[in-house]
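# Descriptive structure summary
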Amino acid sequence: ESSKIVNRYPCLARKIFDSVEQNLENMINKKGAEIEYTVKTKENDGYINVDFDKIYIVLRNLVENAIIYCSKTPKINVNVIEMEKEYLFSVEDNGIGIPAGETEKIFERFYRVDKARNTNIAGTGLGLAIVDEVLKIYGGKIEVESEEGKGTKFSFRISKN
């Protein structure tokens, strides 16, 4: 369980991305993952006012899943856009996708899509449950767009204050 306190402070989005990549370095190298990051802030300085630890946890889990659930070379786009009162984050991949009826269930603890259960894909089924819990603490909500065989896009908004 993660702390219920949100400690927002200005930090470079690139620093969060670097931490995610450093943590997942072996996995990224092994699969040859290509990750592209885009940050659009009003001041164009790349600083965002977030709880570093919580956003790191969310992005690490989403990027890790994007790498794991891809049967070819993973191509992942991570975006952060500063809006008037919030930040819009998205993580989009070219992975195996999620079947239409499964997207609501993927945030349940220990839930794994049947295809993932029947393959040698490692995982506990906790990553997306953790993402959902952290975003609830933040007052945010995650949305999923996915097409089987084409990939998945996770998007979430969090308040700037």
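The structure under discussion appears in the preceding block.
Okay, so let's go over this structure. (Residues numbered from 1 in each chain as written. Predicted model: local features only at pLDDT ≥ 70, side-chain atom pairs only at ≥ 80, totals over all residues. Heavy atoms only, no water.)

### Considerations on the nonpolar core
Inside soluble globular proteins, nonpolar side chains tend to come together where they are buried. Worth spelling out the cut-off: Take the buried Ala, Val, Leu, Ile, Met, Phe, Trp, Tyr and Cys residues and link them wherever side-chain atoms come within 4.5 Å; each set so joined is a nonpolar core. A simple rule labels every residue: compare its accessible area, found with a 1.4 Å probe on the protein chains alone, to the largest value its type can have, and call it buried under 20%, exposed over 50%, or partly exposed in between. Strands are runs of DSSP state E lasting at least two residues, helices are runs of H or I lasting at least four, and both sets are numbered from the N terminus onward. Any two residues whose heavy atoms approach within 4.5 Å at even a single point are treated as in contact.
Of all hydrophobic cores here, the largest spans 39 residues; its most connected members are Val50, Leu59, Phe89 and Phe156. When residues of this core are traced back to their parent elements, those giving at least two are α1 (13-23), β2 (34-40), β3 (47-50), α3 (52-68), β4 (75-82), β5 (86-93), α5 (127-138) and β7 (151-159). Broken down by element, the residue count for this core peaks at nine residues, all from α3. For Leu59, the contacting residues outside a window of four places in its chain are Ile16, Phe17, Val20, Val78, Phe89, Val91 and Phe156.

### With respect to the packing of aromatic side chains
Operational definition: Two rings from Phe, Tyr or Trp (for Trp, the six-membered ring) form a pair when their centres are within 6.5 Å of each other. A pair whose planes differ by under 30 degrees is stacked, one over 60 is edge-to-face, and the rest are tilted.
As enumerated under the stated definition, the model contains three aromatic pairs in all. Between Phe52 and Tyr56, the ring centres sit 6.5 Å apart and the planes meet at 0 degrees, which makes this aromatic pair stacked. Here Tyr56 and Phe52 lie together in helix α3, a separation of four residues that amounts to about one turn. Here Tyr56 falls in the buried class, since its relative accessible area comes to 15%. Look at Phe89 and Phe156: their rings are 4.8 Å apart centre to centre, the planes differ by 5 degrees, and that puts the pair in the stacked class. In this pair, Phe89 sits in strand β5 while Phe156 sits in strand β7, placing the two residues 67 residues apart along the sequence.

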